[in-house]
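Each chain, written out:
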Amino acid sequence: MASYLRSWLTLPTVASTSSEALPTFQSSLEDEDEGSDTEREDNDAPPAFPSLNSAQRMQSIPTILTDSQLMPPPPDPKFRNRTIGVATPGGLAVPPTTTKPPVNPRKKREKVALAPGHSPLDWAALKSSGKDLRGVDSLMRIPPSVLKVHNTREDAWSAFNGKVYNITAYLSFHPGGEKELMRVAGRDGTKLFALTHAWVNVDFMLDSCMVGFLVSEPSS
């Protein structure tokens, strides 16, 4: 019991001794912490960008142009007074030869009113019906002397691009009228066809009416 009391009485002395030594140790830790915080704040500062000795900083500042300096130059005075359809020298208009009206303008082609049942669809249906539109048994070699005999409304032949067609059945289906198509009956109509409607595929349109090929006159 006496030893227990003796040990209990000595505890304040140990505590006091330790308490006297601790302030010096804690103060040093606090000083180190404060110093580390200061260094950390200095390290967090962003670096200069671009670098102070970089090539970007050595270059001069570019010159900014004003609106007046960016505007294009005024147009040539000769382009101010221009006439529509007349080419200006040095301009972008087409050559004068293509802007002048033709000397003898052709009369505008007009379509005629076709009879009921004579539309392009009706003609396509007639071709596919199997009806004989050629009038011949086999393809022939036809010279101009034979071609010119077939020049009536009841028997009309014409040649296009070296091929001869029996256009008798197609007369009433022609959008331009029978009269216009009869202009090439009994002769070669390639040139007139190219002048009026060269975009039309005559081979497909009259394939069921082909009777032969146009050849030269036989030598006597």
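Treat the numbers as computed from the prediction; the structure is a model and nothing was measured.

A.B. asks: I'm lost on the sheet that holds strand β2 (residues 157-160) in this one. Help?
C.D. replies: Within a beta sheet, neighbouring strands are joined by backbone hydrogen bonds and run either parallel or antiparallel to one another. One open sheet holds the four strands; their spatial order is β1-β4-β3-β2, and the pairing between them is mixed. Of all the strands in the sheet, the pair left with one neighbour each is β1 (140-142) and β2. Strand-to-strand twist across the sheet, computed as the mean angle between neighbouring axes with direction ignored, equals 40 degrees. In terms of strand pairing, β1 meets strand β4 (residues 210-214) through three bridges, oriented parallel. Bridging across to β4, M140 finds its partner in G212.

A.B. asks: Just checking my understanding: could you explain the nonpolar core for this structure?
C.D. replies: Generally speaking, nonpolar side chains in soluble globular proteins are found buried as a group. Of all hydrophobic cores here, the largest spans 20 residues; its most connected members are W123, F160, Y165, I167, Y170 and L206. Of all elements in the fold, only α8 (190-197) and α9 (202-205) reach the threshold of two or more residues within this core. With residues up to four places along the chain from it excluded, the contact list for F160 reads Y165, I167, V184, D188, G189, T190, F193, V202 and L206. One finds V136, A159, V164 and V211 within the second-largest nonpolar core, a separate group that totals seven residues.

A.B. asks: Can you walk me through the side chain of H174 in this structure?
C.D. replies: By secondary structure assignment, the location of H174 is in the loop between β3 (163-166) and α7 (178-181). Those residues in contact with H174 that lie beyond four places of it in its chain are V112, L114, E180, L181 and H197.

A.B. asks: Would you mind going over the pairing of β4 with me for this structure?
C.D. replies: Every regular strand shows the same layout, with side chains that alternate between the two sheet faces. Where β3 meets β4, three bridges bridge the pair, whose relative direction is antiparallel. In the strand pairing of β4, K163 is matched with F213.

What counts, and at which threshold
- Here the residue numbers are simple positions, counted from 1 along each chain's written sequence.
- Residues qualify for local features only when their pLDDT is at least 70, as the model is predicted, and side-chain atom pairs are given and counted only at 80 or more; totals for whole chains, interfaces and linings, by contrast, use all residues.
- Remark: hydrogens and water are excluded; side-chain values derive from all non-hydrogen atoms of the structure.
- At least two DSSP bridges between two strands are required for those strands to pair.
- For the purposes of this entry, the term helix denotes a DSSP run of H or I that reaches at least four residues, the term strand denotes a run of E that reaches at least two, and both are numbered from the N terminus.
- In this analysis, axes come from line fits to C-alpha atoms, helices being fitted only over the stretch in contact, and the angle between any two N-to-C directions falls in the range 0 to 180 degrees.
- Note on terminology: a nonpolar core comprises buried Ala, Val, Leu, Ile, Met, Phe, Trp, Tyr and Cys residues joined through side-chain atoms within 4.5 Å.
- Buried, partly exposed and exposed residues are distinguished by accessible area as a fraction of the type maximum, computed with a 1.4 Å probe on protein chains only: under 20%, between the cut-offs, and over 50%, respectively.
- Only heavy atoms matter for contacts: two residues are in contact if any of them lie within 4.5 Å across the pair.

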